[in-house]
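Read off the chains here:
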Amino acid sequence: MLTGELFIAGDRRGSATRFHAHDPALGERIDAPGFAEASAQDVADACAAADAASRPYAALPLDRRAAFLEAIADAIEALGDALIDRACRETGLPAARITGERGRTANQLRLFAREVRDGQWQKLRIDHADPSRTPPRPDLRLRMIPLGPVAVFGASNFPLAFSTAGGDTASALAAGCPVVVKGHRAHPGTSELIAGAITRAAEATGMPKGVFSLVNGARSTGEALVADPRIQAVGFTGSRGGGEALMRIAAARPRPIPVYAEMSAINPVILMPHALAARGSALAEGFVASLSMGAGQFCTNPGLVLGIDGPDLDAFVARASDVLAAQAPQVMLTDGICAAYSEGKAKLSASAHVTPIAQGIAAETPCQGCAALFSIAGKDLLADPVHLHEMFGAASIVVRCADLAELTGILAALEGQLTATLHIDAGDHDAARELMPVLERLAGRILANGWPTGVEVTHAMVHGGPYPATSDPRSTSVGTLAIDRFLRPVSYQDIPADLLPASLREDGQAGTLARIDGAWRV
């Protein structure tokens, strides 16, 4: 049963100030329960508990840390239909989507548990002393250690996989960092259910009490969390404005900290000439399916389509317009998101250079969004790139390029992106080969003959990209490489063996890949 309380280091805590969840499908407030707004003292207490837990949690054997992650996955699954029902009610997302997201959340926790046990993320290195060298070389040993307490911000569009127990939390806990989550106000009941599961898993596996906390609140709560001197890193998924605000706070601290923010992308799709000629109709259908999935509320939504102007692109646009016009309106996550989406479409429609070419079935309720497709000439886009901003919803712009040179110039002028997609046939490979260096500088993930709305949780996935897609293009928020965000290297020089971490002693690397005197060994 939901109580609306905060979770501070394993204990529940109420508040005199409360807010309510909202049902976007019905357009009404969910009356019970009200959810506690964290005070400044609540935030400070959560950060203090995380700091106190930091050293004992980092010192636990890797198998115990992994077992904690697995216990969280088990506890989330044990919530059953109560979790699905609540998440659907708070987000307007269908049960099938939430059920799949629950599976992804549990699976990525278990993936990080395997990664913890594997141990290669420690990047162990040993360079033995060489007293015969002039000057003598010291004994040097290196490992990665956890940064310390991490603040994680829940995302609106993924109430499970990118929120309370999502990828940022999973990778931070895997790295050995306690986590304080700032829950998203759009789905507080879902966050409370997940927080309860994490807390029960922590108790069952004997974790330090401050290893996890959940605080709710307005913008000031998040600002206080990032400003707290005990927080050592931030994981954020959300708007560009929100991410940049947190970055400014983190940079202004007496001791600045990294903010790993995934913020904004329009994810260009390039329709190469041979592919467009051979299968333009199928490409149009696949494009609309990707664009309209989940009301377009994906950070990898294909918001820009580039092709060479001519009959083949005309045919693509005609088919895409027909398919999109039949798309039913969909409930969006919040009324604020829906209003911003409608405003973005209105601005595009009012532009002198943009042509509205298709729209889905009109909305029936205030929180529904309908899909939309626009067109612009490549030269006009280059002259006025103001249109190259993310619209969080099922809207996209088709760019009619004069030739491949103009298309390449547009790609080179874009801001950083999460994804870039090439649709190619064999005859396009020579031209695509020329584009690859441009795309590598543009995006964190390059796809061929697919659609970007789908992020596989694996070892080789990158969900990141140059600014403003993310605040740090060297990182990813999905996949096991995400653990690196919350680690830093420490080198130990001539440290006596009994003072060294166990993993850096002579017999401490069993079963783990380590670089010893320059050679990689297991």
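All values derive from a computational prediction rather than experimental measurement.

Basis of the calculations
Residues numbered from 1 in each chain as written. Predicted model: local features only at pLDDT ≥ 70, side-chain atom pairs only at ≥ 80, totals over all residues. Heavy atoms only, no water. Helix = DSSP H or I, 4+ residues; strand = E, 2+ residues; numbered from the N terminus. Buried < 20%, exposed > 50% of the residue type's maximum accessible area, 1.4 Å probe, protein only. Contact = heavy atoms within 4.5 Å. Areas by Shrake-Rupley, 256 points an atom, 1.4 Å probe, with all protein chains shown as cover. Lys, Arg positive; Asp, Glu negative; His and termini not counted. Charge placed at Lys NZ, Arg CZ, Asp CG, Glu CD. Core = buried A, V, L, I, M, F, W, Y, C linked by side-chain atoms within 4.5 Å. Domains from an automatic or database assignment. 1 Å grid on protein atoms, 1.4 Å probe; cavity = no way out; pocket = protein on both sides within 12 Å on 5 of 7 lines; lining within 4 Å. Points joined across faces, edges and corners; volume = space filled by probe spheres on them. Nonpolar A, V, L, I, M, F, W, Y, C, P; charged D, E, K, R; others polar. Salt bridge = Lys/Arg side-chain N within 4 Å of Asp/Glu carboxyl O. Phe/Tyr/Trp six-rings, centres within 6.5 Å; stacked < 30°, edge-to-face > 60°. Pairing = 2+ DSSP bridges. Axes fitted to C-alpha atoms, helices over the stretch in contact; angles between N-to-C directions. Buried area = accessible area lost by both parts, 1.4 Å probe. UniProt positions renumbered as here; feature names shortened; annotations may be inferred.

**Student:** What is the right way to look at the overall build of the chain in this model?
**Tutor:** Of regular secondary structure, the chain possesses 14 helices and 23 strands. Taking the principal axes of the C-alpha coordinates as reference, the chain spans close to 75 × 65 × 40 Å. Counting across all 522 residues of the chain, residues that qualify as buried make up 56%. For the chain, restricting intrachain contacts to residue pairs at least 6 apart in sequence, the fraction spanning at least 24 positions comes to 76%. For the chain, the computed accessible surface area is about 20,600 Å², with 55% contributed by carbon and sulfur atoms. Side chains of the chain carry 46 positive and 56 negative charges; the gap between the two charge centres is 6 Å.

**Student:** Please explain the nonpolar core as it appears in this structure.
**Tutor:** Side chains of a nonpolar character, in soluble globular proteins, are inclined to be buried together. Ranked by internal contacts, the top residues of the largest apolar core, which has 116 residues, are Phe-68, Phe-316, Val-399 and Leu-411. Looking at this core, the element that brings in the most residues is helix H2 (residues 62–78), giving eight residues. There are two domains that each give this core at least three residues, and those are domain 1 (6–14 + 32–263 + 472–486) and domain 2 (268–448). The contact partners of Leu-411, leaving out residues within four places of it in the chain, are Pro-268, Ile-270, Leu-306, Leu-435, Val-438, Leu-439 and Leu-442. Within the second largest apolar cluster, 23 residues are counted, among which are Ala-38, Val-180, Val-215 and Leu-225.

**Student:** Mind showing me how you'd approach empty space enclosed by the protein here?
**Tutor:** One simple way to see leftover space: roll a probe sized like a water molecule over the atoms. For the structure on display, the rule yields four cavities of 30 Å³ or more. Considered as a void within the structure, the largest cavity measures approximately 120 Å³ in volume. Looking at which element gives the most residues to the lining of the largest cavity, the answer is strand S18 (residues 395–401), with three residues. Considered class by class, the residues forming the lining of the largest cavity number nine nonpolar, five polar and one charged.

**Student:** Whenever I open this one, the pattern of salt bridges confuses me. Can you help?
**Tutor:** Close approach of charged atoms allows side chains with opposite charge to pair. In the structure shown here, the tally under the stated rule is 29 salt bridges. The residue Arg-12 makes a salt bridge to Glu-5 at a minimum N-O spacing of 3.9 Å. Residue class for Glu-5 comes out partly exposed when judged on its relative accessible area of 23%. With a closest N to O distance of 2.5 Å, Arg-141 and Glu-506 form a salt bridge. With Arg-141 in strand S6 (residues 140–146) and Glu-506 in the loop between strand S21 (487–493) and strand S22 (514–516), the pair connects residues that are 365 residues apart, well separated along the chain. With relative accessibility at 7%, the residue Arg-141 sits in the buried group. Overall, the relative accessible area of 52% leaves Glu-506 in the exposed class. In the salt-bridge network here, residues are joined through shared partners; they are Glu-5, Arg-12 and Glu-192.

**Student:** Help me out: how do you make sense of the packing of aromatic side chains in this one?
**Tutor:** Each aromatic ring pair is specified by the distance between its two centres and by the angle formed by the two planes. Evaluation of the coordinates by the stated rule reveals eight aromatic pairs. Measuring from centroid to centroid gives 6.3 Å for Tyr-57 and Phe-68, while their planes differ by 90 degrees, and the two rings are edge-to-face. Of this pair, Tyr-57 sits in helix H1 (residues 40–58) while Phe-68 sits in helix H2, and the two are 11 residues apart along the sequence. As far as the burial class goes, Tyr-57 and Phe-68 line up, both buried.

**Student:** Even after reading the chapter, I still don't get the sheet that holds strand S17 (residues 372–377), so can you show me in this structure?
**Tutor:** Strand pairing in a sheet takes place through backbone hydrogen bonds and is either antiparallel or parallel in direction. The sheet built from seven strands is open, its strands ordered S15-S17-S18-S13-S12-S19-S20 with mixed pairing. Both outer strands of the open sheet, strand S15 (355–359) and strand S20 (443–448), are each paired with one neighbouring strand and no more. Geometrically, the sheet is characterised by an average inter-axis angle of 20 degrees between neighbouring strands, direction not taken into account. Across the sheet, helix H13 (residues 404–413) is in contact with strand S12 (268–271), strand S13 (304–308) and S18; its angle to S13 comes to roughly 160 degrees.

**Student:** How do you make sense of the environment of Asn-267 when you look at a structure like this?
**Tutor:** Turning to its location among the elements, Asn-267 is positioned in the loop between strand S11 (259–262) and S12. Asn-267 sits in the buried class, given a relative accessible area of 0%. In this structure, the C-alpha to C-alpha distance between Asn-267 and Gly-235, residues 32 residues apart in sequence, is 21 Å. The residues touching Asn-267, leaving out its near neighbours within four places in the chain, are Cys-299, Thr-300, Asn-301, Pro-302, Gly-303, Leu-304, Gln-417, Leu-418 and Thr-419.

**Student:** How should the domain arrangement of the chain be read in this particular structure?
**Tutor:** Interfaces are often sized by the accessible area lost when the parts come together. Domain boundaries assigned for the chain yield domain 1 (6–14 + 32–263 + 472–486) and domain 2 (268–448). Taking the mean C-alpha position of each, domain 1 and domain 2 sit 33 Å from one another. Facing 12 residues of domain 1, the contacting portion of domain 2 comprises 12 residues. Of the roughly 880 Å² buried at the junction of domain 1 and domain 2 (both faces included), carbon and sulfur atoms supply 57%. Inspection of the region where domain 1 meets domain 2 yields one salt bridge.

**Student:** So what exactly am I meant to see when it comes to the layout of surface pockets here?
**Tutor:** Its volume calculated, the largest pocket comes out at about 1,500 Å³. Lining the largest pocket are 48 residues, with Gly-238, Ser-239, Arg-240, Gly-241 and Gly-242 positioned closest to its centre. Examining the composition of the lining of the largest pocket, we find that eight residues originate from one element, helix H11 (residues 335–350), more than from any other. Its residues assigned to classes, the lining of the largest pocket shows 19 nonpolar, 19 polar and 10 charged. Lining of the second largest pocket is provided by 33 residues; of these, Ser-54, Ala-58, Ile-145, Pro-146 and Leu-147 occupy positions nearest its centre. Of all the elements in the fold, those that place two or more residues in the lining of the second largest pocket are H1, H2, S6 and S21. Residue composition of the lining of the second largest pocket, grouped by class: 20 nonpolar, five polar and eight charged.

**Student:** I'm lost on the UniProt feature "domain: Aldehyde dehydrogenase" (unreviewed entry) in the chain in this one. Help?
**Tutor:** The positions that UniProt labels "domain: Aldehyde dehydrogenase" (unreviewed entry) are, in the present scheme, residues 17–306. What you have in residues 17–306 is 48% helix and 18% strand, and the ends, taken at the C-alpha atoms, are 50 Å apart.

**Student:** Please clarify how the pairing of S6 should be interpreted in this entry.
**Tutor:** Strand residues, when the strand is regular, have side chains that alternate between the two faces of the sheet. In the sheet, strand S5 (residues 125–127) pairs with S6 via three bridges, with the strands oriented antiparallel. Opposite Ile-126, over in S6, you have Arg-141 as the bridge partner. When S6 meets S21, the two strands line up antiparallel, connected through seven bridges. Directly across from Arg-141, in S21, lies its bridge partner Tyr-492.

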